[in-house]
Amino acid sequence: MAALTLYAHALDENCYRVRLMLSFLGLAYDTVAIDMVPGEEEKGLAMRALNPLGSLPVLKDGDQVFSGAQAILVHLARRNDPAGTWLPLEPAAFAAVMQWTFFSATALSSAIEARRLALFSQERDFYALRREARHALRIMDDHMVLRHMKGFEWFETDGPTIADLSLLPSFALSRDYGIDHDEFPALRRWLRRFRLLPGFHTMPGIPDYH
Amino acid sequence: MSGEADWVPVALSASIEPGTSAGAVVEGLELVVWRDDAGKAHVWEDRCPHRGMRMSFGFVRGDHIACLYHGWSYDAAGQCRHIPAHPDLDVPKTIRITTYDAGEAGGMIWARLAGAAETGHPPPDFGNTLPVRSLYADCSLAHALAVLKQTYLPGGKGKTVVGQLQAVAPHVWTLEGDALRLSIAIQVIGPQNVGLHILVNEGSKETIADVAQWAVALRLTLEAPVVLAEVM
Ligand code: FES
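Residues numbered from 1 in each chain as written. Chains lettered and ligands numbered in written order. Predicted model: local features only at pLDDT ≥ 70, side-chain atom pairs only at ≥ 80, totals over all residues. Heavy atoms only, no water.

Looking only at helices and strands, one finds eight helices and four strands in chain A. Put simply, chain A runs from its N terminus to its C terminus through helices and strands in the order β-α-β-α-β-β-α-α-α-α-α-α. In summary, chain A has a C-alpha radius of gyration of 17 Å against a globular reference of 17 Å for 210 residues, a match within 12%. Projecting the C-alpha coordinates of chain A onto the three principal axes gives extents of approximately 50 × 45 × 35 Å. The buried share of chain A, reckoned over its 210 residues, is 55%. Element-wise, carbon and sulfur atoms account for 57% of the exposed surface of chain A, whose accessible area totals about 9300 Å². Averaging the positions of the 22 positive and the 26 negative side-chain charges in chain A gives two centres separated by 4 Å. (Helix = DSSP H or I, 4+ residues; strand = E, 2+ residues; numbered from the N terminus. Rg over C-alpha atoms; globule rule 2.2 N^0.38 Å. Buried < 20%, exposed > 50% of the residue type's maximum accessible area, 1.4 Å probe, protein only. Areas by Shrake-Rupley, 256 points an atom, 1.4 Å probe, with all protein chains shown as cover. Lys, Arg positive; Asp, Glu negative; His and termini not counted. Charge placed at Lys NZ, Arg CZ, Asp CG, Glu CD.)

Another aspect to go through is helix α2 (residues 208–223) of chain B. Residue and element names in this part refer to chain B. Between its first and last C-alpha atoms α2 spans 23 Å; for 16 residues at 1.5 Å apiece the expected length is 22 Å, and the two agree. Among the residues of α2, those classed as buried are Val211, Ala212, Trp214, Ala215, Leu218, Arg219 and Leu222. Viewed end-on, α2 has its buried residues packed into an arc of 160°, placing them on one side of the element. (Expected span 1.5 Å × (residues − 1). Arc of directions from axis to C-beta.)

Residue and element names in this part refer to chain A. Running from N to C, helix α5 (residues 109–120) and helix α6 (residues 127–149) point in directions that differ by 140°, and their axes come no closer than 8 Å. It follows that α5 is oblique to α6 by the angle criterion. Relative to α6, the crossing made by α5 is left-handed. Residues Ser110, Ala111, Glu113, Ala114 and Leu117 of α5 lie in contact with α6, whose contacting residues are Leu129, Arg130, Glu132 and Ala133. For the contact of α5 with α6, the class distribution of residues is five nonpolar, one polar and three charged. (Axes fitted to C-alpha atoms, helices over the stretch in contact; angles between N-to-C directions. Parallel < 35°, antiparallel > 145°, perpendicular 65-115°, else oblique. Left-handed = near helix turned anticlockwise from the far one by under 90°. Contact = heavy atoms within 4.5 Å. Nonpolar A, V, L, I, M, F, W, Y, C, P; charged D, E, K, R; others polar.)

On to the side chain of Arg147(A), then. Residues and elements named next belong to chain A. Examined against the element boundaries, Arg147 turns out to sit in helix α6. Among buried Asp, Glu, Lys and Arg side chains, Arg147 stands out as unpaired, with Glu156 the closest opposite charge at 4.9 Å. In this structure the side chain of Arg147 is engaged in a polar contact, spanning 3.2 Å, whose partner is the backbone oxygen of Phe155. Only 2.6 Å separates the side chain of Arg147 from the backbone oxygen of Thr157, close enough to count as a polar contact. In this structure Arg147 touches Phe152, Trp154, Phe155, Glu156 and Thr157, once residues within four positions along its chain are discounted. (Salt bridge = Lys/Arg side-chain N within 4 Å of Asp/Glu carboxyl O. Polar contact = N/O pair within 3.5 Å; in protein donor to acceptor, adjacent residues only side chain to side chain.)

Right, let's talk about the nonpolar core for a bit. Grouped together as the largest cluster of nonpolar side chains are 92 residues, with contacts concentrated most on Met140(A), Trp190(A) and Leu182(B). The biggest single contributor to this core is α6(A), with eight residues. By size, the runner-up hydrophobic cluster in this structure holds 20 residues, among which are Val32(B), Met53(B), Ile65(B) and Tyr74(B). (Core = buried A, V, L, I, M, F, W, Y, C linked by side-chain atoms within 4.5 Å.)

Here the focus is the domain arrangement of chain A. Often the size quoted for an interface is simply the accessible area lost on bringing the parts together. All names here are of chain A. Domain annotation for chain A reports domain 1 (4–80) and domain 2 (91–195). The C-alpha-based centres of domain 1 and domain 2 are spaced at 21 Å. Residue-level contacts link 15 residues of domain 1 with 16 residues of domain 2. For the domain 1 and domain 2 pair, buried surface summed over both sides reaches about 1400 Å², with 74% attributable to carbon and sulfur atoms. Contact with domain 2 buries surface across domain 1, with Glu13, Arg17 and Gln70 losing the most and accounting together for 40% of the total. The tally of links from domain 1 across to domain 2 stands at zero salt bridges. Along the contact surface separating domain 1 from domain 2 lie five residue pairs in polar contact (both at pLDDT 80 or more). When contributions to the side of domain 1 that touches domain 2 are tallied by element, the ones reaching two or more residues are α1 (13–24) and α3 (69–80). Element by element, the count of residues in the side of domain 1 that touches domain 2 is highest for α1, at seven residues. Of the residues belonging to the side of domain 1 that touches domain 2, the class tally is 10 nonpolar, two polar and three charged. (Domains from an automatic or database assignment. Buried area = accessible area lost by both parts, 1.4 Å probe.)

Now for the interface of chain A and chain B. Listed per partner, the contact involves 20 residues of chain A and 29 residues of chain B. With both chains or domains summed, chain A and chain B bury close to 2100 Å², and 48% of this area falls on carbon and sulfur atoms. Taken together, chain A and chain B are joined by 10 salt bridges. For Asp142(A), the salt bridge identified is with Arg133(B), shortest N-O distance 2.7 Å. Run the count over chain A and chain B and you get 11 residue pairs in polar contact (both at pLDDT 80 or more). When residues of the side of chain A that touches chain B are traced back to their parent elements, those giving at least two are α6 and α8 (185–195) of chain A. Residue contributions to the side of chain A that touches chain B peak at seven residues, all from α6(A). Partitioned by chemical class, the residues of the side of chain A that touches chain B number six nonpolar, one polar and 13 charged.

Right, dumping it as structure tokens:
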């Protein structure tokens, strides 16, 4: 049994964030598939014992249990990437990467929620969320227009970091909640480069080109 | 209208890298803009004849584009050449996608859409330009032009000046300040959606990064709720 156990659902984009990080870092792990839809197993007693919040993903690393995709990314990067490639050590770069990593949990939460409603709910009341999600994607596109002009392909520093990793799924999956990629040329470019990283893999909703 | 009017702008050339595709909408018509591996740009109707999947979701291989859904693959003339579920089938000539004339000039990809007469005119070229960005805004063309007419431009040394807006070709305007000359090709997506493809003309002193920042502010202005003037 690997030291790492991930409790996850295949269609959940926050679980995908963690699976990507594990893959980029080349870490072996066990997966426990949780019946999130329709079973809500993550809110059951057994899962609440691990994570009282009843959310996914949950990562068990030895005796420690972590929840929340961004916290897990930070933990995995710090613990397994001593050079600080994915989460820089230098203070200013660290803060800049964390700023975008938080963005994926705050401004992009509307994107994540809009997708959840579109895929798993009968309610069709997600237009406000989608508007907010589009606004967040525009901020990202504006940022990447300027980054590209300065000769960079990534959100911060000169290589991919957990900022890119935490932001990417919401854009890659945006068609699930009805936002096309037409209006985001700089993000399209970024997505194409991200797909080429060794260890990248897709999830349902993100096409595999064969 | 002159022959050039047939050409509508659909993307900055730089935004469509070789071997990639993207969607673009012109007055409600969904298009796929793609560039083959050899660098030639194509503009087609964005619909796979099989089950109607958008071709812009698909992927380019060499000079073919394949549909994401079941992998039907089309050659540069829009003719279906390969159906993975029936690999030995000689694909009927009737399975093809509507293609449009595509051309590149002035750093832009242009398309001549259905109904436009073949006049032999090339797409408008407005000299040597550097691409800045495509800016998408939720407003009408008329509103965009009204705003551009009274927009401040970076004027060098921290100054701002009101730019001079001039129509130079169908769908193309220049906006000129002291130190800056922009070309803006406008794609009308729908009644309340436009794409502004912004380029800087050679010899302008502002950096393209400054113009890109300016463009973000422009989008805020374009989308600001219109306040009716108070009538005394
Ligand atoms: S819809 Fe395009 S191949 Fe089936």
